[in-house]
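Chain by chain, the residues:
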Amino acid sequence: MGPFEEPGRLTERQDETLRRIKLNGGVAWRAYEMKESLHAVFGGDLSNDEVSELLDRWGSRASRSRIPSFVRLSKTIRSHKAASWFGWSLVSPTDEWRG
């Protein structure tokens, strides 16, 4: 588990590092906030409709973030979501999830 996986359970050193990142702002802090907000979408007991709405909001924010990995992820989420509306699958039946 990475150092910032569970913000409520940080060591003093990790907490200080996170405070410095926040004070400096910039890309590192925006990326941390984006990661945490996406984690929150899947971390609770939300209905499918609530998750869908939150993913739409997250995707809009991510696409404006100018952080390449989040822009790319928002496009991927959007394309998979659009495909599911039409009952299409973007993964062939022979593909397997890789961990």
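These numbers come from a predicted model, not from an experiment.

**Digging into the packing of aromatic side chains**
Line of reasoning, step 1. Using the criterion set out here, one finds two aromatic pairs in the structure.
Line of reasoning, step 2. When the centroid spacing of 5.9 Å and the interplanar angle of 70° are considered together, the rings of Trp58 and Phe70 count as edge-to-face. Residue Trp58 is located in helix H3 (residues 48-64), and its partner Phe70 is located in helix H4 (residues 68-85); the two are separated by twelve residues in the primary sequence. Exposure class is identical for Trp58 and Phe70. Each is buried.

**What to know about the nonpolar core**
Line of reasoning, step 1. Counting nine residues, the largest nonpolar core is built from Met34, Leu38, Val41, Val51, Leu55, Trp58, Ala62, Ile67 and Phe70.
Line of reasoning, step 2. Looking at this core, the elements with two or more residues in it are helix H2 (26-43) and H3.
Line of reasoning, step 3. In terms of residues, this core owes the most to one element, H3, which gives four residues.

**Points about the side chain of Ser74**
Line of reasoning, step 1. For Ser74, the location among the structural elements is in helix H4.
Line of reasoning, step 2. Taking relative accessible area as the criterion, Ser74 reaches 2% and is therefore assigned buried.
Line of reasoning, step 3. Among all residues touching Ser74, those that are not within four sequence positions of it are Trp58, Gly59, Ala62 and Ser63.

**Considerations on the pattern of salt bridges**
Oppositely charged side chains are able to pair whenever their charged atoms sit close together.
Line of reasoning, step 1. The final tally for this structure, using the stated rule, is six salt bridges.
Line of reasoning, step 2. The shortest N-O distance in the salt bridge between Arg19 and Asp15 comes to 2.5 Å. In this pair, Arg19 and Asp15 both sit in helix H1 (residues 12-24), four residues apart, roughly one turn of the helix.
Line of reasoning, step 3. A relative accessible area of 29% means that Asp15 is categorised as partly exposed.
Line of reasoning, step 4. Residues Arg20 and Glu16 are paired through a salt bridge, measuring 3.3 Å at the closest nitrogen-oxygen approach. Taken together, the residues Arg20 and Glu16, both in helix H1 and four residues apart, mark about one turn of the helix.
Line of reasoning, step 5. Each member of the salt-bridge network shares a partner with another, and the members are Asp15, Glu16, Arg19 and Arg20.

Cut-off values and rules
- Residues numbered from 1 in each chain as written.
- Predicted model: local features only at pLDDT ≥ 70, side-chain atom pairs only at ≥ 80, totals over all residues.
- Heavy atoms only, no water.
- Phe/Tyr/Trp six-rings, centres within 6.5 Å; stacked < 30°, edge-to-face > 60°.
- Helix = DSSP H or I, 4+ residues; strand = E, 2+ residues; numbered from the N terminus.
- Buried < 20%, exposed > 50% of the residue type's maximum accessible area, 1.4 Å probe, protein only.
- Core = buried A, V, L, I, M, F, W, Y, C linked by side-chain atoms within 4.5 Å.
- Contact = heavy atoms within 4.5 Å.
- Salt bridge = Lys/Arg side-chain N within 4 Å of Asp/Glu carboxyl O.

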